[in-house]
Amino acid sequence: MGVQLGRLHVSLGRACGRGLLPVVPDAVTAEVTSPEQAVEKSHRLTAAVADKGTGSAFDVAAVAALDQRRELIAEHADRCPRQATPEGAHGWTHGDVQYRNLLWEGEKLAAVLDWDRVGVRPYAEEVVRTAQVQFGVDGVFDLARVSAFVGGYRSVMPLEDTALADGVRRLWWKRMTDFWQLEFHYDRGDFSCDELFTADEALLHWWSDRLDQVEDVFVAG
């Protein structure tokens, strides 16, 4: 799968070079949520649980998770990414590469589906996000598969160590400061992603305890 992602990025770059996609800008920036902003969001959601919750098991778990998240943010605030400009090369990316969006014929990739998130991003961002979606399951990273995936990608598309380390740190912090499943539940009344919240919380805590180890595995891939 890493090889396929690398080939996809190469193909998108060629499409851009032939005028089939707009020219890639010289630089991209990535907004970083501050610890203070994240804590503010967490307090707003705690109030939303009190206002809109029914006392369900999910409500109880959400309040406990928000309390724990504030503690986690305070503990790791000094590891927040400081630069607005990500490290490494950038270009056109798919935006949601995962097994649900890959159509296979036997061992051959026949099609890549669901292009609604296509955009210009750091390549490392898509590499790390894809690895997290694929191999961050049951509350842990399968680090052996992460290493194989990154190695496959880099066999097709060179990517600097610094870019990968920066990509890991940025996605980890994004997960630290993001509460989208709870926003779906309490702001939109959409409960379809509830089960993802518990799994993502478990992975976040596991990842935070091993941040350096996870970065090292990506870089060594």
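Every chain is numbered independently, its residues counted from 1 as its sequence is written. Local features are withheld for residues below a pLDDT of 70 in this predicted model, meaning they are given only at 70 or higher, and side-chain atom pairs are given and counted only at 80 or more; totals for whole chains, interfaces and linings count all residues. The basis for every side-chain value is the complete set of non-hydrogen atoms in the structure, without hydrogens or water.

## A few points about the layout of surface pockets
Stated formally: Only protein atoms enter the 1 Å grid, on which a cavity is a set of points fitting a 1.4 Å probe that cannot get out and a pocket is an open set with protein on both sides within 12 Å along at least 5 of 7 lines, lining residues being those with an atom within 4 Å of a point. Grid points are joined across faces, edges and corners, and a volume is the space filled by probe spheres set on the points.
Space inside the largest pocket adds up to approximately 1400 Å³. Arg 129, Gln 132, Leu 171, Lys 174 and Arg 175 are, among the 47 residues lining the largest pocket, the residues nearest its centre.

## A word on the nonpolar core
In plain terms, the rule: Among buried residues, those of type Ala, Val, Leu, Ile, Met, Phe, Trp, Tyr and Cys that are joined through side-chain atoms within 4.5 Å constitute a nonpolar core. Burial classes follow relative accessibility: with a 1.4 Å probe on protein chains only, a residue under 20% of its type's maximum area counts as buried, one over 50% as exposed, and anything between as partly exposed. Strands here mean DSSP runs of E at least two residues long; helices mean DSSP runs of H or I at least four residues long; both are numbered from the N terminus. Here, residues are in contact when the closest pair of their heavy atoms is within 4.5 Å.
Val 127, Phe 141, Leu 159, Trp 207, Val 214 and Phe 218 are the most contacted members of the largest nonpolar core, which totals 39 residues. Of all the elements in the fold, those that place two or more residues in this core are helix H1 (2-17), helix H3 (57-76), helix H4 (123-135), helix H5 (143-154), helix H6 (161-176), helix H8 (194-209) and helix H9 (211-220). The element contributing the most residues to this core is H6, with 7 residues. In contact with Trp 207, not counting residues within four places along its chain, are Gln 132, Phe 141, Val 168, Leu 171, Trp 172, Arg 175 and Val 214. Formed by 11 residues, the second largest nonpolar core is a distinct cluster that contains Phe 58, Leu 66, Leu 182 and Tyr 186.

## Quick look at H1
Convention followed: Here the expected length of a helix is defined as 1.5 Å per residue gap, with one fewer gap than residues.
With 16 residues, H1 extends 23 Å between its outermost C-alpha atoms, agreeing within 8% with the 22 Å of an ideal straight helix rising 1.5 Å per residue. Of all the residues in H1, the buried ones are Gly 2, Leu 5, Gly 6, Leu 8, His 9, Leu 12, Ala 15 and Cys 16. The elements touched by buried residues of H1 are strand S1 (90-93), H4 and H5. Of the residues flanking the end of H1, it is Gly 19, one or two places downstream, whose phi is positive at about 85°.

## A closer look at the packing of aromatic side chains
Rules: Only the six-membered ring of Trp is used, alongside the rings of Phe and Tyr, when aromatic pairs are assigned; centres must lie within 6.5 Å, and planes under 30 degrees apart are stacked while those over 60 apart are edge-to-face, with the rest tilted.
Within the structure shown, the criterion is met by 8 aromatic pairs. Taking the centre distance of 5.0 Å and the plane angle of 85° together, the rings of Phe 141 and Trp 207 count as edge-to-face. Residue Phe 141 is found in strand S6 (residues 140-141), and its partner Trp 207 is found in helix H8; the two are separated by 66 residues along the sequence. Like Trp 207, Phe 141 is buried.

## So, empty space enclosed by the protein
In plain terms, the rule: Basically, the charged four are Asp, Glu, Lys and Arg, the nonpolar ten are Ala, Val, Leu, Ile, Met, Phe, Trp, Tyr, Cys and Pro, and anything else, Gly included, counts as polar.
The final tally for this structure, using the stated rule, is 1 cavity of 30 Å³ or more. As for the largest cavity, its lining consists of Arg 69, Gln 132, Arg 175, Asp 178, Trp 180, Gln 181, Phe 197, Asp 200, Glu 201, Leu 203, Leu 204 and Trp 207. With 6 residues, H8 is the largest single contributor of residues to the lining of the largest cavity. Counted by class, the lining of the largest cavity contains 5 nonpolar, 2 polar and 5 charged residues.

## Thoughts on the pattern of salt bridges
Rule in force here: A carboxyl oxygen of Asp or Glu within 4 Å of a side-chain nitrogen of Lys or Arg is what we treat as a salt bridge.
If you walk through the whole model with that rule in mind, you get 10 salt bridges. Measuring nitrogen to oxygen at the nearest pair gives 2.9 Å for the salt bridge that ties Arg 79 to Asp 212. One end of the pair, Arg 79, is in the loop between H3 and S1; the other, Asp 212, is in helix H9, with 133 residues separating them in the sequence. With a shortest N-O distance of 3.0 Å, Arg 129 and Asp 96 are connected by a salt bridge. With Arg 129 in helix H4 and Asp 96 in the loop between S1 and strand S2 (102-105), the pair connects residues that are 33 residues apart, well separated along the chain. Judged by its relative accessible area of 7%, Asp 96 falls in the buried class.

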